[in-house]
Amino acid sequence: MNIRVSAVLFSTLFVSQMAFSQTKREILEEDPKLSPNLRLELTPLNLTASNGDNNTRSEFTIRASYRANNRVAISGEYMRSMFDMSDEYRVYKHDGKKQGYGYEGGITYFFANKEKEVEEWMPVKSESVGYRTVQVTVDPVPMTRLALYGARVGYGNITNSATNYNTTLINVNNPNQGPEEVSATPMLSTGFAFVGLNATRIKNTKVKYPVYGTRRKQYIREYFLDFIYPTSNTYSTVESEDNGVKIVYQIDPNASTNKLMNYGARFGFFSTPTGRVVNLGYGVEIGSMPRGRTFSEGIYWNIRLTLSLMKNLNTAE
């Protein structure tokens, strides 16, 4: 039986259901509590773009996390800039010797977990049956879905170039002199604490079919919402040249144009399959870091592709 699902730009998708008896399929894994709980994540592509500080950067990150008995999870992450786009045409900018970096660590306590028995379509095979028409054969498979709800807290730091518009500078050698209302690109180091909520969805179903092989619905999907408070915001010095003479300036911390927001927020999700030793996951994050003078200046977005190495240290309850 074929059921037409959608047709977009002359491409048509059909879904057909096959009734597989238990003798024709073998459930290899089904318990979400046995999903891998130790992860080492390598992110070769971690792209961030900011609004107010005119900063776009690409980073390499490494992250480790461990979830104990679906009650407590700890994680730590370190990142290093591979590409940091600041405006090289600025007259006043940092010396370029420092490379951007960051780190973050946190702990999540799951105050609730719920298991629910559901029946979902397991894609078994797909084939072309006509001009731009694909038929997908699915098997309704009963499976268990685990939902975790938690509160999280942590600390981190971000250090990279950040363009500050209409800023006031102080000459290091002559504090009574310094330009006003200029654009400068120092390195900005922001320490921050965060507190928030986490919702995690886990499925761990693997089915073997005699003809079609092994099919999976094994993944961990995490959603988070954080409130961010800056513990420190520190600018590096910037430099310029006047008739071949290098002049070093400090960002005036008392100037109203250099006052940064004292709060921020972020929301994001990360999803990764768990059925193999190495898996390709992805994540999206959007928020406002306390690195701008207004909330809108601190807005940023982040996308990442991650290679996750998994290990299961759980035992069945």
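Details of the structure are given in the entry above.
Report on the accompanying structure. (Residues numbered from 1 in each chain as written. Predicted model: local features only at pLDDT ≥ 70, side-chain atom pairs only at ≥ 80, totals over all residues. Heavy atoms only, no water.)

It is a probe the size of a water molecule, rolled over the atoms, that shows where empty space is left. Of the pockets and cavities examined, the second largest pocket occupies roughly 200 Å³. Residue lining of the second largest pocket: Asn233, Thr234, Tyr235, Ser236, Thr237, Gln250, Ile251, Asp252, Pro253, Asn258, Lys259 and Leu260, and that is the complete set. Residue assignment for the lining of the second largest pocket shows that the elements contributing at least two residues are β14 (213-235) and β16 (245-251). For the lining of the second largest pocket, the leading source of residues is β14, giving 3 residues. Within the lining of the second largest pocket, the residues separate by chemical class into 4 nonpolar, 6 polar and 2 charged. (1 Å grid on protein atoms, 1.4 Å probe; cavity = no way out; pocket = protein on both sides within 12 Å on 5 of 7 lines; lining within 4 Å. Points joined across faces, edges and corners; volume = space filled by probe spheres on them. Helix = DSSP H or I, 4+ residues; strand = E, 2+ residues; numbered from the N terminus. Nonpolar A, V, L, I, M, F, W, Y, C, P; charged D, E, K, R; others polar.)

Under the counting rule described, the total for this entry stands at 4 aromatic pairs. Ring plane angle 85° and centroid distance 5.4 Å describe the contact between Tyr92 and Tyr249, whose orientation is recorded as edge-to-face. Of this pair, Tyr92 sits in strand β7 (residues 92-93) while Tyr249 is found in strand β16, placing the two residues 157 residues apart along the sequence. The exposure class of Tyr92 is buried, given its relative accessible area of 15%. A residue is classified by how much of its surface remains accessible, and Tyr249, at 8% relative accessible area, is buried. Consider the rings of Tyr263 and Phe295, whose centres lie 6.0 Å apart with planes at 25°: the pair is stacked. Pair noted here: Tyr263 is in the loop between β16 and β17 (264-273) and Phe295 is in the loop between β18 (278-288) and β19 (299-311), with a separation of 32 residues, a long-range link. Assessed through its relative accessible area of 34%, Tyr263 is described here as partly exposed. Counting every residue linked through ring pairs, the aromatic cluster contains Tyr223, Phe269 and Tyr282. (Phe/Tyr/Trp six-rings, centres within 6.5 Å; stacked < 30°, edge-to-face > 60°. Buried < 20%, exposed > 50% of the residue type's maximum accessible area, 1.4 Å probe, protein only.)

Okay, the nonpolar core next. Counting residues in hydrophobic clusters, the biggest one holds 8 residues: Tyr92, Leu169, Val182, Ala184, Val238, Ile247, Tyr249 and Ile251. Where this core is concerned, the elements lending two or more residues are β12 (182-185) and β16. The dominant element in this core, judged by the number of residues it contributes, is β16, at 3 residues. Setting aside residues no more than four positions away along its own chain, Tyr249 makes contact with Tyr92, Leu169, Ile170, Asn171, Val172, Gly178, Pro179, Thr237, Val238 and Ser240. In terms of nonpolar packing, the next biggest core, distinct from the first, is built from 7 residues, Val118, Met122, Val207 and Tyr209 among them. (Core = buried A, V, L, I, M, F, W, Y, C linked by side-chain atoms within 4.5 Å. Contact = heavy atoms within 4.5 Å.)

Where strand β13 (residues 187-209) meets β14, 22 bridges bridge the pair, whose relative direction is antiparallel. The residue of β14 that forms the bridge with Gly196 is Asp226. Linkage of β13 to β14, two consecutive antiparallel strands, is achieved through a turn of 3 residues. Where β14 and β17 come together, 10 bridges link them in antiparallel fashion. For Tyr219, the partnering residue across the bridge sits in β17 and is Pro273. (Pairing = 2+ DSSP bridges.)

This part takes up the environment of Pro273. Residue placement: Pro273 occurs in strand β17. Under the relative-accessibility criterion, Pro273 is labelled partly exposed at 32%. Each C-alpha atom of the pair Pro273 and Lys203 lies 9.3 Å from the other, and the pair is 70 residues apart in sequence. What Pro273 contacts, discounting residues up to four positions off in sequence, is Gln218, Tyr219, Asn279, Leu280, Gly281 and Met310.

Looking at where Asn160 falls in the secondary structure, it is placed in strand β9 (residues 133-161). We classify Asn160 as buried; its relative accessible area is 1%. Within the local environment of Asn160, its side chain forms a polar contact with the side chain of Arg291, the two groups lying 2.5 Å apart. Ignoring anything within four residues of it in the chain, the contact list for Asn160 reads Asn55, Arg57, Asp84, Gly100, Pro186, Met187, Leu188 and Arg291. (Polar contact = N/O pair within 3.5 Å; in protein donor to acceptor, adjacent residues only side chain to side chain.)

Interpretation in functional terms is not warranted from these geometric data alone.
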